[in-house]
Amino acid sequence: MRSIITGTHIVKTYRKGIEQATVLNGVDVDITEGEFVAVMGPSGSGKTTLLFALSGMDDITEGSVKFGDTELSGLRENILADLRRTRMGFIFQSPTMLRNLNLLDNILLPAVQDGMRNTAELAQKARHLMIQTGIAGLENRDTTEVSGGQLQRAGICRALINTPEILFADEPTGALNSKAAEEIMELLVAINQAGTAIMLVTHDAKVAARADRVLFTRDGHIVSSLTLAKFSGGDLQARGDKVLARMAHVAV
Ligand SMILES: Nc1ncnc2c1ncn2[C@@H]1O[C@H](COP(=O)(O)OP(=O)(O)OP(=O)(O)O)[C@@H](O)[C@H]1O
Ligand SMILES: [Mg+2]
């Protein structure tokens, strides 16, 4: 399989005055096309920083990040922004929506920025995504008039509107109750099965249990990697137990 993201010896140092903190300390990571990778680790161990580094959301101090064959640090900011918007998708704990736009227009936002696109076709695609994610009928709702789970689904629709090759998700179920979290995870598994690679940060072993591979971070390093078989439903408990056992073993 071809790599979609290759990070080599990533170092990230934050500087403020004379103080400096190295939060990624020579991380190597490779995500292949269509792979589902979960990242777990204690608070402050560098998970979000790694996600930002691998997606080109933030620059790195040393090392290299490639999207396919393209070195991200070599790109001009507007080219990088276009690449992120058209070929990557992002989901965060709570989606940031524009409050003056309804749900449908928020979902369309990354696509209409391309200008020349056929808006009728795009709206149809957005509506289709809303059906798939179970929020059909909420198109005209204000972003303040829906539940947290519904808003997160809208965030997923927005992340998928440009058909990304990889989805970056930072604790996408962190703000949800367990039922809504289960449903969002089922959705992410389906998205992955349709071919989109996923890098997902989570504190929840049951969430990570759906991934093909789980990476464990501690103090800016990847200290362990657990490969699971592709998830096909059913054996979630056993997979979660494997994740928990590895967490205990590497003490993250
Ligand atoms: N802009 C910044 N300036 C300085 N330090 C930062 C900055 N952003 C993050 N850090 C520090 O980098 C370290 C890693 O942060 P990061 O957000 O990647 O952790 P995390 O593993 O995602 O934690 P959590 O599970 O709490 O989200 C932390 O010690 C944090 O305080
Ligand atoms: Mg984080």
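Residues numbered from 1 in each chain as written. Chains lettered and ligands numbered in written order. Predicted model: local features only at pLDDT ≥ 70, side-chain atom pairs only at ≥ 80, totals over all residues. Heavy atoms only, no water.

Its 16 residues place the ends of helix H6 (residues 178–193) 22 Å apart at the C-alpha level, agreeing with the 22 Å of an ideal helix rising 1.5 Å per residue. All of the buried residues along H6 are Ala180, Ala181, Ile184, Met185, Leu187, Leu188, Val189, Ile191 and Asn192. At the N-terminal end of H6, a side-chain oxygen is found 3.2 Å from the backbone nitrogen of Lys179, two or three residues along, and the residue is Asn177. (Helix = DSSP H or I, 4+ residues; strand = E, 2+ residues; numbered from the N terminus. Expected span 1.5 Å × (residues − 1). Buried < 20%, exposed > 50% of the residue type's maximum accessible area, 1.4 Å probe, protein only. Polar contact = N/O pair within 3.5 Å; in protein donor to acceptor, adjacent residues only side chain to side chain.)

This paragraph deals with the sheet that holds strand E1 (residues 3–16). Read across the sheet, four strands follow the order E2-E1-E4-E5 without closing on themselves; strand pairing throughout is antiparallel. Each edge of the open sheet is held by one strand with a lone partner, namely strand E2 (19–32) and strand E5 (70–71). Strand direction decides the pairing type here: strand E4 (residues 62–67) and E5, joined by two bridges, are antiparallel. Along E5, the bridge assignment pairs Phe67 with Thr70. In this fold helix H1 (residues 47–54) packs onto E1, E2 and E4, with an angle of close to 60 degrees to the strand it touches most, E2. (Pairing = 2+ DSSP bridges. Contact = heavy atoms within 4.5 Å. Axes fitted to C-alpha atoms, helices over the stretch in contact; angles between N-to-C directions.)

On to the environment of Gly148, then. Structurally, Gly148 can be placed in helix H5 (residues 148–160). With a relative accessible area of 47%, Gly148 lands in the partly exposed category. Distance from Gly148 to Glu62, taken between C-alpha atoms, is 38 Å for residues 86 residues apart in sequence.

Between H5 and H6, the least distance of the axes is 11 Å, while the angle of their chain directions is 15 degrees. Comparing their axes, H6 and H5 come out roughly parallel. The element H5 and its partner H6 pack so that their crossing is right-handed. Side by side, H5 and H6 meet where Gly149, Gln152, Arg153, Ile156 and Leu160 of the first sit next to Glu183, Ile184, Leu187, Leu188 and Ile191 of the second. (Parallel < 35°, antiparallel > 145°, perpendicular 65-115°, else oblique. Left-handed = near helix turned anticlockwise from the far one by under 90°.)

Taken together, the residues surrounding ligand 1 are Tyr14, Val23, Pro42, Ser43, Gly44, Ser45, Gly46, Lys47, Thr48, Thr49, Glu171 and His203. Residue Gly44 places a main-chain N or O atom 2.8 Å away from an oxygen atom belonging to ligand 1. His203 places a side-chain nitrogen or oxygen 3.1 Å from an oxygen atom of ligand 1. Compared with its free state, where it exposes 640 Å², ligand 1 has 57% of that area covered by protein. It is H1 that contributes the most residues to the shell around ligand 1, three residues altogether. Split into classes, the residues belonging to the shell around ligand 1 amount to three nonpolar, seven polar and two charged. (Near = heavy atom within 4 Å. Areas by Shrake-Rupley, 256 points an atom, 1.4 Å probe, with all protein chains shown as cover. Nonpolar A, V, L, I, M, F, W, Y, C, P; charged D, E, K, R; others polar.)

According to the stated counting rule, one finds three aromatic pairs in the structure shown. Measuring from centroid to centroid gives 6.3 Å for Phe90 and Phe92, while their planes differ by 10 degrees, and the two rings are stacked. Classification of Phe92 as partly exposed rests on a relative accessible area of 29%. Joined through ring pairs, the aromatic side chains of Phe52, Phe90, Phe92 and Phe168 make up one cluster. (Phe/Tyr/Trp six-rings, centres within 6.5 Å; stacked < 30°, edge-to-face > 60°.)

Right, let's talk about the sheet that holds strand E6 (residues 88–91) for a bit. Reading across the sheet, the six strands line up as E6-E7-E8-E3-E9-E10 and stay open at both edges, with mixed pairing between neighbours. Each of the sheet's edge strands pairs with one partner strand only, and the pair in question is E6 and strand E10 (221–227). This sheet shows a mean twist of 15 degrees between the axes of neighbouring strands, independent of strand direction. Pairing analysis gives four bridges linking strand E3 (residues 36–40) to strand E8 (residues 197–201), with the strands arranged parallel. By the bridge assignment, Phe36 is partnered in E8 with Ile198. Contacts from helix H2 (residues 77–87) reach E6 and strand E7 (166–170), with the element oriented near 75 degrees to E6. Its contacts with the sheet put H6 on E3, E6, E7 and E8, and the angle it makes with E8 is roughly 150 degrees.

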